[in-house]
Amino acid sequence: MAFGHGKVILFGEHAVVFGHPAVAVAIENAAEVSWERATGPITRLTIQPGDTRVDTGSEPNAGRELLQRALKVARALYADDLELELRAHMTIPTGAGLGSSAALGVAVLRAMDEARGLSRDDAEIFERSFEWERVFHGTPGGIDNAMATYGGLQLFKRAFPLKEGVPIYQQISLTRIVPRDPFCLVVANSGNRPPAIQMITGVRELRERNRTLVDTTFDGIAALVPNGKLAIEQGELKSLGQLMDMNHMSLAGLMLVSSQVQDMVGAARQAGALGAKMTGAGGGGCMIALVNERERADVLAALAAYQPFEAWVR
Ligand code: PMV
């Protein structure tokens, strides 16, 4: 059985695509993939819940083109003729900003290795899963597949070393953050959202039209990151919540917050959350709220219509 973590981003989504730092934490929700040898000449992937099926056959899997393309990319990493029947079980809601595509990619690649008796270190899994993520995000920041691979609470930054004058985007630095005290996030899901690639492309296009606005916003978000890290390390949850609110406001300024997510953020704050923000690519999807012991039940109740769950950061 192979595994890939889901994640929430505390600070820095979208800015991370342009090389700014971000903070993310792996959540218990994950992708698990089991395998057996296929009887036919193609590799197939079945995903539960939902019974979604894709394969490496030449016919397009109608409505599942991205997933089929990603599976073909993964399969093409092996020169042998071993075909597999892969079964994924997702406990991450998909397409909601919790890194489900990256978690699935990491789990699929690990399962493909496992089936061949190969054991690769995390750095290699990260690099290979970048190709999978590229299918879903176009120009991924790399944070989702890094979190899916490594887990934990991490300060993420893409490095830009040059190889023959060309940036090697896959190179990253991850710094483990150790919170002074465990703290609790409530995660809630507004439902489906546009594909992440659409939101990422939208930001890129906005930046082409108005570079100053977008770069200034990203500089502002980047400035929150070291303060956020410090607040976590020092157990300053009130400051941490305020910084999350600021990050949310910046993302709203880039038109990434749906009205429903805005309402959910408002409801969480009203119920006593120390801070709340959208998380992931936006345009809908999930939000996170920082809660302390006293208000936790109230925030969960305020978000009851949106399948809320707790994610502990340790
Ligand atoms: O919504 P998700 O889980 O796919 O997260 C996307 C995070 C972005 O920063 C918006 C994109 C990226 O590849 O870093």
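Nothing here was measured: the structure is a model prediction, and the numbers come from that model.

Asks: Would you mind showing me how to read the overall build of the chain here?
Replies: Per the secondary structure count, the chain includes nine helices and 13 strands. In summary, the chain has a C-alpha radius of gyration of 19 Å against a globular reference of 20 Å for 314 residues, a match within 12%. Dimensions of the chain, computed from the C-alpha atoms along their principal axes, are close to 55 × 50 × 35 Å. A buried classification covers 54% of the 314 residues belonging to the chain.

Asks: Would you explain unusual backbone geometry in this entry?
Replies: Residues other than glycine predominantly adopt negative phi, and peptide bonds predominantly adopt the trans conformation. Here the residue pair Gln48 and Pro49 is connected by a cis peptide bond, since its omega of -5° sits within 30 degrees of zero. Considering the arrangement of structural elements, one finds Pro49 in the loop between β3 (44–48) and β4 (52–55). Positive phi values are uncommon outside glycine, yet Asp51 reaches one of about 55°. Within the fold, Asp51 resides in the loop between β3 and β4. Even without glycine at this site, Gln307 takes up a positive phi of about 40°.

Asks: Could you clarify how one ought to interpret the site of the ligand in this entry?
Replies: If you check the shell around the ligand, you find 19 residues, and the closest are Lys7, His137, Gly141, Arg193 and Ala281. Between an oxygen atom of the ligand and a main-chain N or O atom of His14, the distance comes to 3.0 Å. In the model, an oxygen atom of the ligand is placed 2.9 Å from a nitrogen or oxygen of the Gly99 main chain. Isolated, the ligand exposes 380 Å² of accessible area, and the fraction of that covered by the protein chains is 98%.

Asks: Would you explain the environment of Leu254 in this entry?
Replies: Following the sequence through the fold, Leu254 ends up in the loop between α7 (237–253) and α8 (259–270). Its relative accessible area of 5% is what places Leu254 among the buried residues. Distance in space between the C-alpha atoms of Leu254 and Leu206 is 8.3 Å, their sequence separation being 48 residues. Filtering out sequence-adjacent residues up to four positions away, Leu254 remains in contact with Leu206, Val214, Thr217 and Phe218.

Asks: Teacher, can you tell me more about the layout of surface pockets here?
Replies: The gaps of empty space that remain are located by a probe, the size of a water molecule, rolled over the atoms. By volume, the largest pocket is sized at about 940 Å³. Taken together, 45 residues line the largest pocket, and the ones lying closest to its centre are Thr94, Gly95, Ser100, Ser101 and Phe136. Classifying every residue of the lining of the largest pocket by side-chain character gives 22 nonpolar, 16 polar and seven charged. Considering only enclosed or pocket space, the second largest pocket measures out at about 250 Å³ in volume. Among the secondary structure elements, those contributing two or more residues to the lining of the second largest pocket are β2 (22–37) and β13 (309–313). A per-class count over the lining of the second largest pocket returns eight nonpolar, three polar and four charged.

Asks: Would you explain the side chain of Arg207 in this entry?
Replies: Within the element layout of this structure, Arg207 appears in helix α5 (residues 196–209). Residue classification places Arg207 among the buried positions, given a relative accessible area of 17%.

Asks: It is not clear to me how the sheet that holds strand β12 (residues 286–291) should be interpreted in this structure. Could you clarify?
Replies: Within a beta sheet, neighbouring strands are joined by backbone hydrogen bonds and run either parallel or antiparallel to one another. Read across the sheet, four strands follow the order β11-β12-β10-β13 without closing on themselves; strand pairing throughout is antiparallel. The two strands at the open ends of the sheet, each matched to only one other strand, are β11 (275–278) and β13. Neighbouring strand axes in the sheet, compared pairwise and without regard to direction, differ in orientation by 25° on average. Alignment of strand β10 (residues 183–189) against β13, held across five bridges, turns out to be antiparallel. Opposite Val186, over in β13, you have Glu310 as the bridge partner. Packing against the sheet, α7 makes contact with β10, β11 and β12, and its axis sits at approximately 30° to β11.

Parameters at a glance
Residues numbered from 1 in each chain as written. Predicted model: local features only at pLDDT ≥ 70, side-chain atom pairs only at ≥ 80, totals over all residues. Heavy atoms only, no water. Helix = DSSP H or I, 4+ residues; strand = E, 2+ residues; numbered from the N terminus. Rg over C-alpha atoms; globule rule 2.2 N^0.38 Å. Buried < 20%, exposed > 50% of the residue type's maximum accessible area, 1.4 Å probe, protein only. Near = heavy atom within 4 Å. Polar contact = N/O pair within 3.5 Å; in protein donor to acceptor, adjacent residues only side chain to side chain. Areas by Shrake-Rupley, 256 points an atom, 1.4 Å probe, with all protein chains shown as cover. Contact = heavy atoms within 4.5 Å. 1 Å grid on protein atoms, 1.4 Å probe; cavity = no way out; pocket = protein on both sides within 12 Å on 5 of 7 lines; lining within 4 Å. Points joined across faces, edges and corners; volume = space filled by probe spheres on them. Nonpolar A, V, L, I, M, F, W, Y, C, P; charged D, E, K, R; others polar. Pairing = 2+ DSSP bridges. Axes fitted to C-alpha atoms, helices over the stretch in contact; angles between N-to-C directions.

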